[in-house]
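Commentary on secondary and tertiary structure
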Amino acid sequence: MNRNSRTFKITLGGICLALAVIFMFAATFVPGVELTLFAISSLFTAVVIIETGNPKSFHCGTAGAALMFAGASILGLVLIPNKVAIVPYVVLFGYYPILKFYIEKIKSGIMQVVCKTIYFAAVLSLGLLAFKSVIAQSINLPDYPVALLIVAGTLVMLLYDFVLTFLINWYIRRFKTGDASSFKLS
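Cut-offs applied
Residues numbered from 1 in each chain as written. Predicted model: local features only at pLDDT ≥ 70, side-chain atom pairs only at ≥ 80, totals over all residues. Heavy atoms only, no water. Salt bridge = Lys/Arg side-chain N within 4 Å of Asp/Glu carboxyl O. Buried < 20%, exposed > 50% of the residue type's maximum accessible area, 1.4 Å probe, protein only. Helix = DSSP H or I, 4+ residues; strand = E, 2+ residues; numbered from the N terminus. Phe/Tyr/Trp six-rings, centres within 6.5 Å; stacked < 30°, edge-to-face > 60°. Lys NZ or Arg CZ within 6 Å of the ring centre and 35° of its normal. Contact = heavy atoms within 4.5 Å. Patch = residues over 30% accessible without salt bridge, like charges linked within 9 Å, V, L, I, M, F, W, Y side chains within 5 Å. Areas by Shrake-Rupley, 256 points an atom, 1.4 Å probe, with all protein chains shown as cover.

What follows covers the pattern of salt bridges. Tallying each qualifying case throughout the model produces 4 salt bridges. We note a salt bridge from K100 to E104, for which the minimum N-O separation is 2.6 Å. When its relative accessible area of 0% is taken as the criterion, K100 is described as buried. In this structure, D161 and K100 form a salt bridge, with 2.8 Å as the shortest nitrogen-oxygen distance. Placement of the pair is D161 in helix α7 (residues 146–175) and K100 in helix α5 (residues 96–103), with a sequence separation of 61 residues. Note on accessibility: D161 and K100 belong to one class, buried.

Glancing now at the packing of aromatic side chains. For the structure shown, the criterion picks out 14 aromatic pairs. Taking 5.8 Å as the distance between ring centres and 70° as the angle between the ring planes, the aromatic pair formed by F69 and Y95 counts as edge-to-face. Highlighted residues: F69 in helix α3 (residues 62–79) and Y95 in the loop between α4 (87–93) and α5, separated in sequence by 26 residues. The partly exposed category is assigned to Y95, whose relative accessible area is 26%. Ring plane angle 85° and centroid distance 5.1 Å describe the contact between F93 and Y160, whose orientation is recorded as edge-to-face. A residue pair is termed long-range when its members are at least 10 positions apart, and F93 in helix α4 and Y160 in helix α7 qualify at 67 residues. Judged on exposure class, the residue F93 and its partner Y160 are both buried. Taken together, the ring pairs in this structure connect F38, F69, Y89, F93, Y95, Y96, Y119, F120 and Y160 into an aromatic cluster. In this structure, R174 packs its charged tip against the face of F175, placed 5.2 Å from the ring centre.

Among the structural elements, V146 can be located in helix α7. We classify V146 as partly exposed; its relative accessible area is 38%. Sequence separation between V146 and S125 is 21 residues; the distance between their C-alpha atoms is 8.3 Å. If near-sequence neighbours (up to four positions away) are discounted, V146 is found in contact with L128 and K132.

On the surface, F25, F29, V30 and V33 cluster together into a nonpolar patch covering about 330 Å² of accessible area. Tracing the chain through its elements places V33 in the loop between α1 (6–29) and α2 (34–52).

In C-alpha cells:
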C-alpha cells in the first residue's frame, strides 16, 4: 500500500485510534501502571503525525493527530465505564505529542525545555487545584507543599517527554524512511 495514499492514512488513523482506546481501557483496570499505559497511548498520536504529514508543511500531520485524539477521547468516554479514569489521557497525554511537535520547532533546545516545563507546571497546577477542590473535598489527604508536588510532577513529565522522544525516534528508525528532524531530544 502506498504510504501517501488517503486510504493508508485513514486506515492508520483508525488503527492508532483503536490502540489508544485499548491502552486507555487497560489503564482503567490494571492497577499501578495507569500513567505508563496513558503514556503509551499518547505514542499513537505521534505515529499519526509522523505517518500522515507532509514534511514540507508546517502542520505536518497534526490535523489527523488532532482528529485521532478527539476520536479516542470521545470513544473512551463512551466505551470506558470509569469516566474519571481517562481524565489523564484527555487532559494531558492524548494531545501532548501535537504540542510537542510545535514546541520542538523552536530552534533553541533550552527554550524548548523552558516551554515544556511551563506547560507541565501549569497543567499540573490546574490539575492539583481541580483535584483538591472537586474530588478530594471529603478525603483527608496529607498536606504536602504544593510547590514540591508541582516540581516533582514536572520532573516526572520531563522524563515522560524524554522517553516519548526516544520512542518516536525508535519508531522513525524502525518503521519510517526518513529522519527524526521534527522530534529532537531536548
